[in-house]
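# Architecture at a glance
Listed below are the residues making up each chain.
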Amino acid sequence: MDESIESVLPESGSSHSLKLQFTGSGSEYFRIWIVNLLLTIVTLGIYFPWAKVRKLRYFYGNTLVGGEPLGFHGDPKKMLKGYALVAVLFICYSFAGEFSPMAGLIALLVIAALSPALLKSSMQFRLANTSWRALRFHFAGDLNGAYRAMLPLFAPGALIAFLSVLHPVTDPESLTWQGKALSLLGLAAVVFAPWFFWRLKKYQHDNYALGGQQTRLSASVGDFYALAAKVIGLYILCGALIPLGILIEAFIFGFGASGESGGGKHIAAFIGFALLLLVPLFVAVYAFWLARFQDLLWNQTASTDIRFKSQLHFKSMFWLTVKNWVLIAFTFGLYWPFAAIATQRLRVQAMSLEMSIAPEQLVADGLEHADEAVGLAAGDFFGFDIGL
Amino acid sequence: MQELAASYFDGRSAQAHAVTLRLADGVLHIVAADSQEVLRSVQMRDVQWPERTRHGKRVAHLAGGGLVQTDDTVAWDTWVAANGQHESLVVKMQQSWRTVLASAVILICLIGAVYAWGLPLLSDVLVEATPASVDQSLGEAALTAVDAQLMAPTQLSADEQSRIQEAWKQVVAAQAPEQVPQWELVFRKSKIGPNAFALPGGTMVMTDEMVKLVDGDTQVLSAILGHELGHLQHRDSLRMLIQVGVLGSISSVALGDFSSVMATVPVLLGQAGYSREAEHAADVYSVQVMKAAHISPAVMVVMFDKMAERNREKAKGAAKDGDAEEPSWLGIAFASHPADAERIAFFKQAAQ
């Protein structure tokens, strides 16, 4: 029996805590994945949108918010057209640069000019085809906002590309001048990256809407810089640990005792061992980033009556990532769907919702009609996603 | 008449209603559990029927908004089956371990077959269909890029250059004309050590360092150029582009939903395998070129020996092991060229 039926309408003002659960299973997704993969290959890719819809329905249907599942409504036939269109665009983009730098530059500019529109329609498609308690979500962001959010991201990139095409290197003097300009731009890109990223996430998280509620991201650009500083600091620390580790090894085992060539072998072994240590260290930093970023993003996302909470533990994220990668390697990839499910479970179940009205009081806002299948396809090809 | 208890959301409010579902004459009737009032009637074809899964609820979305659902999956499945609804083949396949295992076996065989025959055949067809002008413009773009980053103008004397050009022209003249693609030989001073390579469209670049490495021996240089001419004859650059593209799309479709970093591993491994085959084919071509010009294929071994000697000298300063490293299976899987020992053995055998 559904909890919702039993619950009586409480008076507004009291707080409702809704848990997020993920009920998908690795072995069931494995079966869906294998059949999807087989049919996609046998049909030379035409089945791909149907496979995608089956996968999304399984993931959404097993994501329970306060006991009620999400629904995915994308139409595979419309998505097929979208994929075909984007595939053509993508092929043109990949091959243009091989022919001449100018063709590559033009393709890059076209993609850059189109990508905010693709981002917007990707978000719109995803949200408009997602429902909870039979209420459709919608994405409230407009085209103007998408361009404003992404412009700073593409301006330096376009400038770099433009410079290197218009001023091909001829003499060493111009090389140093150009090199300086390029490295300055590259440095600026690194320094401003958290700010660009914040603008992008703000555009997304400011515009999720359901039943008259629209979310806002209250995280400041400073929060993004603080997290970036921590992550970069950890990377540097990991890098510094390597020579230290080698030194300690050298003290413990001692080298030079077994003669010249033996010493060489020892050093090679030491370096190999140190590199082996490096892998889990970097996995740890990666897991730290994933966990802290999900928390930062969702803890500061809220609408008038809905507040999200996320408590993703770094330790569990780290062990899960290590386990997934090891098992994927040992099973030659067959563990892949199990890993996808386990990661989703950990990330979803770390979250909860706090609502100041009863969920039953939400009413459709009548704004949910956009159906741009090109959007979803674009998201897949160019790597936009809502992150959860 | 079969009935099923379920809950109903109308699509306008988030409120759930307890209902009874009835199917009659191709219409789904949603009846309020308490008042017995018919809340909604929907044509069966306007219902998105849920697929059988072991986890999750049964949720049927209705055209025009709204849904009916239940936690009781067994009751739902019995109700649907009793009303003559058929399950799609895909769902049957997904829900039986036997068909899933069969699918996995077919999939593995299929991927093997696509890799061993399908993709090479497809690249053959695509390479065949691509006009030579494409190779030409690819080659021009590549030469500009290489010149800007890795090369400087040659410092070989004009005499030395024409001596090598003449020797190579004589070797080419000894070949069957239909076996020889269009070619042009250019010299460059290299920033990356001794090397020789062929660019699509027919430009072969020989570095000053390679000429010096083999002491200007035109027979050895011709053997190297024969290998590069083989790449041109087989249009390997274009083939490689096509293969990476196809492998990349297959891999991202299959594996992209978990980690895009990991999805590049099969592409790297797969392409390295094709690359080793292409290198071997170019070696075979080179032997054929040398034999037609009455040069012993064994001269190629000189190049390998000099390369190995140079690497040893470089390694001395770097406190690395002097002995040639044993090729590990992991190294082979990622390597673009077959192991040197294997290639040396091949040329020695061809010389007999």
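Below: a short report on this structure. (Residues numbered from 1 in each chain as written. Chains lettered and ligands numbered in written order. Predicted model: local features only at pLDDT ≥ 70, side-chain atom pairs only at ≥ 80, totals over all residues. Heavy atoms only, no water.)

## Quick look at the overall build of chain A
As a reminder, the rule being used: Only DSSP runs of H or I reaching four residues or more are called helices, and only runs of E reaching two or more are called strands; each is numbered from the N terminus. Three labels apply to residues, based on accessible area from a 1.4 Å probe with only protein chains included: buried if under 20% of the type maximum, exposed if over 50%, partly exposed otherwise in between. Here a residue-residue contact requires only that any non-hydrogen atoms of the pair lie within 4.5 Å. Residue exposure ignores everything except the shown protein chains as possible cover, and the areas themselves are Shrake-Rupley values with a 1.4 Å probe.
For chain A, the count of helices and strands is 12 helices and 11 strands. Relative to its full complement of 388 residues, chain A shows a buried share of 46%. Partitioning the intrachain contacts of chain A with sequence separation of at least 6 by distance along the chain shows that 77% fall at a separation of at least 24. Summed over its atoms, the accessible surface of chain A is roughly 19,100 Å², and 71% of this surface lies on carbon and sulfur atoms.

## Thoughts on the packing of aromatic side chains
Two aromatic rings are characterised by how far apart their centres lie and by the angle between their planes. Residue and element names in this part refer to chain A. Counted only if it meets this: Note on aromatic contacts: the rings of Phe and Tyr and the six-membered ring of Trp form a pair at centre separations within 6.5 Å, being stacked when their planes are under 30 degrees apart, edge-to-face when over 60 apart, and tilted otherwise. In this scheme, the term charge over a ring applies when either NZ of a lysine or CZ of an arginine sits within 6 Å of the ring centre and within 35 degrees of the ring normal.
Going through the model one piece at a time under the given rule, you end up with 31 aromatic pairs over all chains. For the ring pair F139 and Y203, a centre distance of 5.5 Å and an interplane angle of 80° mean the geometry is edge-to-face. Here F139 is found in strand 5 (residues 135-139), whereas its partner Y203 is found in helix 7 (residues 172-205), with 64 residues between them in sequence. This pair shows no difference in class: F139 is buried, exactly as Y203 is. A cation sits over an aromatic face here: K55 above F59, 5.0 Å from the ring centre.

## Focus: the nonpolar core
Basically, it comes down to this: Definition used in this section: a nonpolar core is a set of buried Ala, Val, Leu, Ile, Met, Phe, Trp, Tyr and Cys residues joined via side-chain atoms within 4.5 Å.
Within the largest apolar cluster, 73 residues are counted, with the highest numbers of intra-cluster contacts made by Y29, W132, L353 and L362 of chain A. Among the elements that line this core, the one with the most residues is helix 2 (residues 26-42) of chain A, at nine residues. The contact partners of L353 of chain A, leaving out residues within four places of it in the chain, are H16, S17, L18, L20, V65, I306, R307 and F308 of chain A. With 38 residues, the next largest nonpolar core counts V180, L213, L225 and I344 of chain B among its residues.

## Considering helix 12 (residues 340-351) of chain B
Residue and element names in this part refer to chain B. Here is the rule: To estimate how far a helix should reach, multiply one less than its number of residues by 1.5 Å. What the arc describes is the spread of directions from the helix axis to the C-beta atoms.
Under the 1.5 Å per step criterion, the end-to-end length of helix 12 is 17 Å for 12 residues, consistent within 8% with the ideal 16 Å. Burial in helix 12 covers these residues: R343, I344, F347 and A350. Down the axis, helix 12 shows its buried residues gathered within 130° of arc, on one side only. Exposed positions of helix 12 whose direction lies more than 90 degrees from the buried face are A341, E342 and Q349.

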